[in-house]
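# Structure assessment
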Amino acid sequence: GGTTKSDVKSGSSSNAAAGTADPNAATKKGLTVGFLPKQVNNPYFTSADKGGEAALKELGSSYKEVGPSSATDTSGQVSYVNTLTQQQVDAMAVSAQDPGALCTALKQAMSNGIKVVTYDSDTTADCRNAFISQASAEDLGRTEVQLLAKQIGYKGQIAILSAAQTATNQNTWIDYMKKELALPKYKDVKLVKVAYGNDDAQQSFQQTQGLLQEYPNLKGIISPTTVGIKAAAQYLSGSKYKGKVELTGLGTPNDMRKYVKNGTVSAFELWDPAKLGDLAARTAVALASGQITGKEGETFKAGSTSYTIGKDGVISLGKPTVFNASNIDSFNF
Amino acid sequence: MTVTTPNEAPVTEVPASSGTRLVDRVFKMRELAILIVFLAMIGVTQAGNSQFLSEQGVKDLLLNATILVLVATGQSLVVITRNVDLSVGSTLGISAFAAGTYLHGGGNPVVAIVLAVLLGIGFGLLNGLLVSLGQVPALVVTLGTLYIIRGIDSIWVGSRQITAADLPGSFVDFGSGGLGAVPYLALIALAVLVGTAYYLKHFGSGRELYALGSNPEAARLAGIAVRKRILVAYTFCGALAGLAGAMYLARFGNVDSSTGNGYELTVVSAVVVGGVVFTGGSGSVYGAALGALLLTSINSVLPALGVSSVWVLAINGVLLLLAIAVDRIVAQRVAAALKKKSAFEKSAVQKGEARA
Amino acid sequence: MTHPSDTGPAPVLALRDVAKSFGAVRALRGVSLELFAGEVHALAGENGAGKSTLIKTLAGVHRPDAGQVLLDGEPVQFHGPGDARDAGIAVIYQEPTLFPDLSIAENIYMGRQPRRAFGRIDHKATRDATAALMKRLGVDLDPDRPASGLSIADQQIVEIAKALSFDARVLIMDEPTAALTGSEVARLFGVVRTLREQGAAVLFISHRLEEIFEICQRVTTLRDGAWIASELLDGMSEDDLVRRMVGRDLDELYPKQEVEPGDVALSVRRLTREGVFTDISFEVRRGEIVGLAGLVGAGRTEVARAVFGVDRWDAGEVEIDGRTLTNGAPSTAMAAGLALVPEDRRAQGLVMDMSIERNIGLTGLRTTVRAGLMDRGAERSRSLDWAVKLQVKYARIADTVSTLSGGNQQKVVLAKWLATGPKVLIVDEPTRGIDVGTKAEVHRLLSQLAADGVAVLMISSDLPEILGMADRVLVMHEGRLTAEIPRSEATEETVMAAATGRAAA
Amino acid sequence: MPESLTRAVRWDTVVGALLVVLLLLSFSTVDGFGNSLNLSFLIGNTLPVALIALPMTLLVVSGEIDLSVASTAGLSGAVMGKLWNAGLPIEQIIPLCLLLGVVCGLVNGLLVTRLGLPSLAVTIGTLAAYRGIAQIVLGSDAVTDFPTQYLDFAAGRLGNSFLPQAFLPFLVLLAIAVVVLHATPFGRSLFAIGASEEAARFAGIRVKRNKLILFVATGFMASLTGIFWALHYASARYDNATGLELSVVASVLLGGIDFDGGKGTLGGAIAGVFLLGALQNVMSLLNVSAQSQIVVTGVLLVVSVLGPRVARQISVARAGRRAASAPVSQAPPTPAA
Ligand SMILES: Nc1ncnc2c1ncn2[C@@H]1O[C@H](COP(=O)(O)OP(=O)(O)OP(=O)(O)O)[C@@H](O)[C@H]1O
Ligand SMILES: Nc1ncnc2c1ncn2[C@@H]1O[C@H](COP(=O)(O)OP(=O)(O)OP(=O)(O)O)[C@@H](O)[C@H]1O
Ligand SMILES: [Mg+2]
Ligand SMILES: [Mg+2]
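Rules and cut-offs
The numbers attached to residues start from 1 for each chain and follow its sequence in the written order. Here chains are named by letter from A upward and ligands by number from 1 upward, in the order in which they appear as written. Given that the model is predicted, a residue must reach a pLDDT of at least 70 before its local features are reported, and side-chain atom pairs must reach 80 or more before they are shown or counted; all residues, however, enter totals for whole chains, interfaces and linings. With hydrogens and water set aside, each side-chain value is computed from the structure's full complement of heavy atoms. Helix and strand labels come from DSSP, where a helix needs a run of H or I of at least four residues and a strand needs a run of E of at least two; each type is numbered from the N terminus. Burial classification: accessible surface area is computed with a 1.4 Å probe over protein chains only, and a residue below 20% of its type maximum counts as buried, one above 50% as exposed, and the rest as partly exposed. Contacts are assigned to residue pairs with any non-hydrogen atoms lying within 4.5 Å of each other. Note on areas: Shrake-Rupley with a 1.4 Å probe; residue coverage comes only from the protein chains shown. The term buried area refers to how much accessible surface (probe radius 1.4 Å) is lost by two components on association, counted for both of them together. Note on definitions: salt bridges are taken to be side-chain nitrogens of Lys or Arg within 4 Å of carboxyl oxygens of Asp or Glu. Residues adjacent in sequence count toward polar contacts only when both atoms are side-chain atoms; beyond that, a polar contact is any pair of N or O atoms within 3.5 Å, and within protein one must be able to donate a hydrogen and the other to accept it. Charged means Asp, Glu, Lys or Arg here, nonpolar means Ala, Val, Leu, Ile, Met, Phe, Trp, Tyr, Cys or Pro, and polar covers whatever is left, Gly included. Only nitrogen, oxygen and sulfur atoms within 2.8 Å of the metal, or 3.2 Å for Na, K and Ca, are treated as donors, and water is left out, so sites may look incomplete. A pair of strands is labelled paired if DSSP reports no fewer than 2 bridges between them. Every axis in this analysis is a line fitted to C-alpha atoms, fitted for helices over the stretch in contact. Angles between the N-to-C directions lie between 0 and 180 degrees. Roughly parallel means an angle under 35 degrees; roughly antiparallel, over 145; roughly perpendicular, 65 to 115; everything else is oblique. Residue-level confidence of the predictor, termed pLDDT, takes values from 0 up to 100. We place a 1 Å grid over just the protein atoms. Points where a 1.4 Å probe fits but has no way out form a cavity, open points with protein on both sides within 12 Å along at least 5 of 7 lines form a pocket, and any residue with an atom within 4 Å of a point lines it. Grid points are joined across faces, edges and corners, and a volume is the space filled by probe spheres set on the points. UniProt positions are given in the numbering used here, feature names are shortened, and annotations may be inferred rather than shown by experiment. Whether a residue is near a molecule or strand depends on its heavy atoms: it is near if one of them lies within 4 Å of it. A helix is expected to reach a length of 1.5 Å times the quantity of its residues less one. In this scheme, patches are assembled from residues that exceed 30% relative accessible area and form no salt bridge. Like charges are connected within 9 Å, while nonpolar side chains (Val, Leu, Ile, Met, Phe, Trp, Tyr) are connected within 5 Å.

## Observations concerning the overall build of chain D
Regarding its fold elements, chain D presents 14 helices and zero strands. Seen in sequence order, chain D has helices and strands lined up from the N terminus as α-α-α-α-α-α-α-α-α-α-α-α-α-α. Overall size of chain D, expressed as C-alpha extent along the three principal axes, is 95 × 55 × 35 Å. Within the span of chain D, comprising 337 residues, buried residues form 59% of the whole. Taking all contacts inside chain D whose residues are at least 6 apart in sequence as the whole, residues at least 24 apart take part in 76%.

Here's what the structure looks like:
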């Protein structure tokens, strides 16, 4: 006997949308929105949260940021959800370290009337009202392959240097990369390996070395993580492989400027993290004002753009920006 | 007592110290065992991947080990005195950032390195003072300073980061450049290592570190300035952590508030694998350096052999266990052989006597 | 020989009205002492009288609470052992203070190794000097050997060599002979005489009174931390000295009771531990005290350790009351009724950081239990009982044993094992460091135990003790049993002959 | 008087007192602290550390350490997730995972006791190995769909009170641990082993066996914690509980357990655990940044060792003054004739 997986009917996978939306409701002022990134002091999240802070200021609400100092301290993040709940914020924007671990706490928060928006990294859909996706996962995955394939002339071995093996967003992107690679125009491009650098500079470094030693004919590397691409670029630029192995992926212009200029990297992409935070803040306020509930098909205006909520309450930021030698100097983040 | 004892020396003129020279060799064997494990590992890898020991490959191996070797050298000094410094990772991180801040927008690289070392010395002094003057357990104190320095670091650094773009090109080139396959950084580490080892073996104050780790109470009675020596060991350890911070900056060209996080466990592993005993008084910095080389090389060997990253962590752990277990078993075997040998000599002496 | 009088030259080193307390314990109160050049001065007193404390005050380890230390008649303040050393005072402490991981040579010259250019250590000179010292003491210890694993006696030798290496004006020795046998003691005394003739002042502590009379000219007696007398030994008898120390006349030192031996209680057959001892066979009967004699390093301790099970044996068999013991299992040996009072009280006999009560209680973890839980009342009364029986001198039973004097620590070890009510008792150097009064007490106890049917195996380097107490004497030489001598035939000559391997077994 | 003085400055008592003071202050001054929801959060989040601190205290008292606990917890969680995905009933999975924890502890224990390796080194090795195996087992999966009654038990409260349901079993375990350490011959032997292994061996204490038992118990408790963790956070991933060992070590140290072995009380250790947990909770409510919280933790640790030291020096100085003011020693009695 006993309880097995098949006894447990899978829980509702749709997001927590309750009540009805009134698109014309006034935007409330004086709300408090708490931002809870995966890790405080992480430059990427700091940019994102700064974006959120600016948006909230503009909307007449107040901003606060709490968070663990380590990106793997899941229980710490859970405590912070609890803290925000205790402090009775009106809404929180969370970038989840773990899709499941925060659920209980987030549901507690929602049952206390707090609106929950996830950004950058999602939880399971029923634990939050809406998710702000940095870019459609499909877009990101596919464009990175397109970028690299062009750089290596649609021919040769390539590898992927990812972050942690459990990073949900990374894995989704990699799936789309593989789908893109299955297209006939990439018949000469071969993905030989996915390596994991755990978003740690040294490990990413050594993984890059290992890739190059194991596959001496490697032509290109995709690293869809800002830490990974930076480490790989630093290694390449100081090694004999500089200029011989192409590197692309997700990076910030400030991190990568030097490597673009010295020829290690020709192009990479990213969305603007500040815009991500901005949208998260505006969505949170819209939810708290009752303009939306998170149901598929609802629309709302954030700043000058109008967004439509997709399946499972996912709101997509738009296409990422590609940076290269010609445009990189006009960005500063 | 009025015992009538023969006044001539006992007739146990055991044949010159062949046994003890063997004992000496056993201690060297510990390092030898690690070296053999290391060489075997490199050999297997080279057989599986001919690119591994290319010029670039060797350079990478050495570069990877450099920073850990520096920190492990400093750490062994502290461990030899029967203490430990868990705050090295935090010190490394904060001094790397300090050096980076100074270099931001162009500064003199030498000054930056000195700055990092000075900062390291500062924190080393703090640890040393707390441990030696307070006479409190080093593990707790340095776990405390680990948190304190890390906290100060993150408050100061915030979300800022230093990237290669912020650093003078010469400094970054220095970080990856070298003489042939031998990187400059590795040369610096080697010089520090050899200097430290020489000091420990040939200078009175170096030997005193061993003495006070071996038996602190006896050291006090022997008139050794225990507190001062411990202070010096911590300061030196801090200085090397600071230097390693500067090297880290040059090597990775990338420092933020989490740099060096969790490094203490790696350093402690290296030191332990290298045969420096945690109860103080024994071990050598060469052993610790070999331990560091072994540990970092495992991380290069596995990817080079094409082992999936999924397996790396587990294999890493198992290899670490194997290294210490093999070391131990070899030591036990040799000790047993030694005992047999001396037993044999003893009975030979007895037979000789019986015949006489 | 000069007999300095009160109007003679100033003492090299002196204490005047010194007091020292540890918490509530007043270890020294108003003690004075004068050491003169060319004289060996004895310090006598019961266990806990304050001898070691006095020495540590002279050596700069303790700062006196009151009174003065005088060097060449001038008051001095030693801020640490280093200061005293620089003033030319060499000290052998009661407990060896070696660095186990370092070689013997380094142990001896730590902090003052011969140097070469640029302050580098001259390793060869260090080694050679050590070898020379060892030769002078007539022992065969390799200077390069690490100090760990040295027997207590060898450790003591290294301590002596260290003290000699100073060529100090004042040599202070706290029970240097406690672990030594006759030949080493003779050798040591030879060296001390030479030093004295060269004009050194020597302070000597021993609980073996005959040694005091052999080497010393003057004696200072302490009782309960108070000064009793300082006088010339010439014309004094051992009884006089004992009366000064104890404050009463002493009973017989070897109160041996004649007991008819019963059944075999301990039987050891062909026991061998490779490289340590070979083919050891003997029996001990109920009511019997069997002495195990031999020179230092003969392997007596090793046999005892193996029999008890803390070391494994390679071949052979051990039986207690006909029950075979498991190899390497002290707990089964204990369950069978075996007790071992180990040689090294600090490392093996006691948990130094634990209280007296709990140390004694450690051997009773199986018995002072009610419903699986510790019966604290029973534990305390058991410990108190035995501490009192053995006259342990302590402030509170809950004090840690590290605060006890050396001899009192030894008594706690005895208490701990006697409390188990053993059938077979092995005692390894049971009276090392114990004062004469208590020694007689311990002997009476052993004798009484034997009379009550306990089989006793007594290892001792104190030959008179063996001769005085044993019904039979077993002698070991280089890891083998070389002789078994009945009480009637046991003399110093026969035992020493077997111990040095000069007699056929 | 001196006895009561030394008792009063015992560090575990101080930590207990600090905890009480902190709780009282927080109840009266910190918004949102005193309500039962927050308290249940506080206790629930501290429970994993507390659970592991129980056997860890015993282990440290006996002079050893186990740094692999967090990895063992992670591995148990991972295996639990894997088996759950494979369709095994949870009632079978949990005993299997506990058995796995026992095996993990046994491996540590055998390496330490049979080969005589230092436990610090061994468990740094198994820290990596167990976590690595967890990664191999579960890979990138995150298993979240455990049966609700189990999730509710691990995350729920007793009625509307502030106590998590899991707190009662914890109390039982705590009571067992306290009795074992402080009232049984086994516990007594641990103190002896920690203070002097050789003397313990000479007293007939089965040192190796006792240590092995402790390592196994630690493995068991770590895996229990891993199961609790996965259910409490409704998420089984290979990296569950990463870094938990440092929290445990820090708390236990704070509670006055001496890492040289032979000293400490379980009360102190548990007080240390909850003091750190409560402090973090309060600081978060007061909007103290994570960085500053780290500094506070560090300072607390340093104070925890300097504090008793200073207290001892003060009491020694006092005793010295008392002795000095005692009546001057009488003249030495004349030797008995
Ligand atoms: N560090 C200490 N702390 C507390 N009490 C101490 C300390 N050292 C010595 N004592 C106490 O001082 C007294 C004198 O001890 P001391 O060691 O001087 O005796 P002793 O004459 O050397 O005895 P023994 O012949 O046994 O060596 C004893 O009561 C002892 O318990
Ligand atoms: N722990 C140890 N490790 C290595 N060697 C040892 C150890 N203990 C003793 N020895 C050596 O073993 C030999 C036998 O020593 P043991 O102590 O058994 O002799 P003993 O006859 O009991 O002498 P005594 O008790 O007078 O020192 C000696 O050479 C000694 O140096
Ligand atoms: Mg003494
Ligand atoms: Mg002996």
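## Remarks on the overall build of chain B
Of the regular secondary structure elements, chain B holds 13 helices and four strands. Counting across all 356 residues of chain B, residues that qualify as buried make up 58%. Of all intrachain contacts in chain B linking residues separated by at least 6 positions in sequence, the fraction that spans at least 24 positions is 78%. Accessible surface, chain B as shown: approximately 13,100 Å² in total, 68% of it carbon and sulfur.

## Focus: the interface of chain A and chain B
Facing 31 residues of chain A, the contacting portion of chain B comprises 39 residues. Carbon and sulfur atoms make up 46% of the area that chain A and chain B hide from each other, which totals about 2,900 Å². Per-residue buried area on chain A facing chain B is highest for Asn41(A), Gln206(A) and Gln213(A); these three make up 23% of the total on that side. The tally of links between chain A and chain B comes to zero salt bridges. Scanning the region where chain A abuts chain B turns up 10 residue pairs in polar contact (both at pLDDT 80 or more). Breaking the side of chain A that touches chain B down by element, the ones donating at least two residues are helix H1 (43-59), strand E7 (189-196), helix H6 (201-214), helix H7 (226-237) and helix H8 (253-261) of chain A. Considering each element in turn, the side of chain A that touches chain B owes the most residues, nine residues, to H6(A). A class-by-class count of the residues in the side of chain A that touches chain B yields 10 nonpolar, 15 polar and six charged.

## Considerations on the coordination of the magnesium ion (ligand 4)
Residues and elements named next belong to chain C. For the magnesium ion (ligand 4), the full set of protein donor atoms is Thr301 (OG1) and Glu343 (OE), at a range of 1.8 to 2.2 Å. Of the two residues, Thr301 sits in helix H9 (residues 300-308) while Glu343 sits in the loop between strand E16 (338-341) and helix H11 (345-349), which places them 42 residues apart along the sequence. The same class applies to Thr301 and to Glu343, which are both buried.

## Notes on the pairing of strand E11 (residues 264-273) of chain C
All names here are of chain C. Where burial is concerned, most of E11 is hidden: seven out of the 10 residues are buried. In the sheet, E11 pairs with strand E12 (residues 277-285) via six bridges, with the strands oriented antiparallel. Looking across to E12, one finds that Leu271 is bridged to Ile280. In sequence, E11 turns back onto E12 through a hairpin of three residues, with Gly275 there showing a positive phi of about 80°. When E11 meets strand E14 (residues 315-320), the two strands line up antiparallel, connected through five bridges. Looking across to E14, one finds that Thr272 is bridged to Ala315.

## A look at the packing of helix H2 (residues 74-86) of chain A against helix H3 (residues 103-111) of chain A
Residue and element names in this part refer to chain A. For the pair H2 and H3, interaxial distance at closest approach is 9 Å and the crossing angle is 10°. The orientation of H2 relative to H3 falls into the category roughly parallel. Contact residues: H2 offers Val78, Val81, Asn82 and Thr85, while H3 offers Ala105, Leu106 and Ala109. Of the residues belonging to the contact of H2 with H3, the class tally is five nonpolar, two polar and no charged.

## Overview of the confidence of the model for chain B
Here chain B averages 83 in pLDDT, and 86% of its residues register 70 or above. Counting interchain partners and residues more than four positions distant, the pLDDT-below-50 stretch residues 1-20 of chain B has 33 contacts.

## Some points on the coordination of the magnesium ion (ligand 3)
Residues and elements named next belong to chain C. Note on the magnesium ion (ligand 3): its protein donors are Ser52 (OG) and Gln94 (OE1). The metal-donor distances range over 1.9 to 2.1 Å. Taken together, the residues Ser52 in helix H1 (residues 51-58) and Gln94 in the loop between strand E6 (89-92) and helix H3 (104-109) connect sequence positions 42 residues apart. Of the two residues, Ser52 and Gln94, both sit in the buried class.

## Side note on the environment of Ser36(D)
Residues and elements named next belong to chain D. By the secondary structure assignment, Ser36 is in helix H3 (residues 36-61). Between the alpha carbons of Ser36 and Arg157 there is a distance of 9.3 Å; along the sequence they are 121 residues apart. Sequence-distant contacts of Ser36, defined by excluding residues within four places in its chain, comprise Arg157, Asn160, Ser161 and Phe162. Within polar-contact distance, the side chain of Ser36 engages the side chain of Arg157 at 3.2 Å.

## Thoughts on the arrangement of the chains
When the five pairs of chains in contact are compared, the highest contact count belongs to chains B and C. Separated throughout, chain A and chain C approach each other most closely at a C-alpha pair spaced 37 Å apart.

## Concerning empty space enclosed by the protein
Counted according to the given criterion, the structure contains nine cavities of 30 Å³ or more. Estimated volume of the largest cavity: approximately 240 Å³. Taken together, the elements giving at least two residues each to the lining of the largest cavity come down to helix H9 (216-221) of chain B together with helix H2 (81-86), E6, H3 and helix H5 (152-165) of chain C. Residues that form the lining of the largest cavity fall into these classes: 15 nonpolar, two polar and four charged. The space that makes up the second largest cavity amounts to roughly 140 Å³. Ala178(C), Arg208(C), Thr431(C), Arg432(C) and Gly433(C) are the residues nearest the centre of the second largest cavity, which is lined by 18 residues in total. Each residue belonging to the lining of the second largest cavity can be placed in one class, and the counts come to four nonpolar, seven polar and seven charged.

## Notes on the UniProt feature "transmembrane region" (unreviewed entry) in chain B
Residues given the UniProt feature "transmembrane region" (unreviewed entry) here are residues 32-49, 61-79, 110-131, 138-158, 178-200, 230-250 and 311-331 of chain B. As annotated, residues 230-250 of chain B comprises 100% helix and 0% strand, and the C-alpha atoms at either end are separated by 30 Å.

## Thoughts on the site of ligand 2
Residue and element names in this part refer to chain C. As a structural note, the neighbourhood of ligand 2 is formed by 14 residues, with Gly297, Arg300, Thr301, Glu302 and Glu343 the closest of them. Here Arg300 contributes a side-chain N or O atom positioned 2.5 Å from an oxygen atom of ligand 2. Relative to its unbound accessible area of 620 Å², ligand 2 is 73% covered by the protein chains. Broken down by secondary-structure element, the contributors of at least two residues to the shell around ligand 2 are H5 and H9. Per element, the largest residue contribution to the shell around ligand 2 is three residues, and it comes from H9. Taken together, the residues of the shell around ligand 2 sort by class into four nonpolar, six polar and four charged.

## Quick word on H6(A)
What sets the pattern is the α-helix's 3.6 residues per turn: residues three or four places apart point alike. Residues and elements named next belong to chain A. An ideal rise of 1.5 Å per residue puts 20 Å on 14 residues; H6 measures up with 20 Å between its terminal C-alpha atoms. Restricting attention to buried positions, one finds in H6 the residues Ala201, Ser204, Phe205, Gln206, Gln207, Thr208, Gln209, Gly210, Leu211, Leu212, Gln213 and Glu214. Between the side-chain oxygen at the start of H6 and the backbone nitrogen of Gln202 there is a gap of 3.0 Å, and the oxygen is on Asp200.

## Some points on a nonpolar patch on the surface
All names here are of chain B. Together, Leu32, Leu35, Ile36 and Leu39 make up a nonpolar patch on the protein surface, roughly 350 Å² of accessible area in all. Within the secondary structure, Ile36 sits in helix H1 (residues 18-48). What makes Ile36 exposed here is its relative accessible area of 52%.

## A short note on the site of ligand 1
Residues and elements named next belong to chain C. Around ligand 1 sit 20 residues in total, of which Lys51, Ser52, Thr53, Thr403 and Gly407 are the nearest. One of the side-chain nitrogen or oxygen atoms of Thr53 is found 2.5 Å away from an oxygen atom of ligand 1. Contact distances for ligand 1 include 3.5 Å between an oxygen atom and a backbone N or O atom of Gly406. Look at ligand 1: alone it shows 640 Å² of surface, and the protein chains cover 85% of it. Broken down by secondary-structure element, the contributors of at least two residues to the shell around ligand 1 are strand E2 (25-35), H1 and helix H14 (406-418). With three residues, the top contributor of residues to the shell around ligand 1 is H1.

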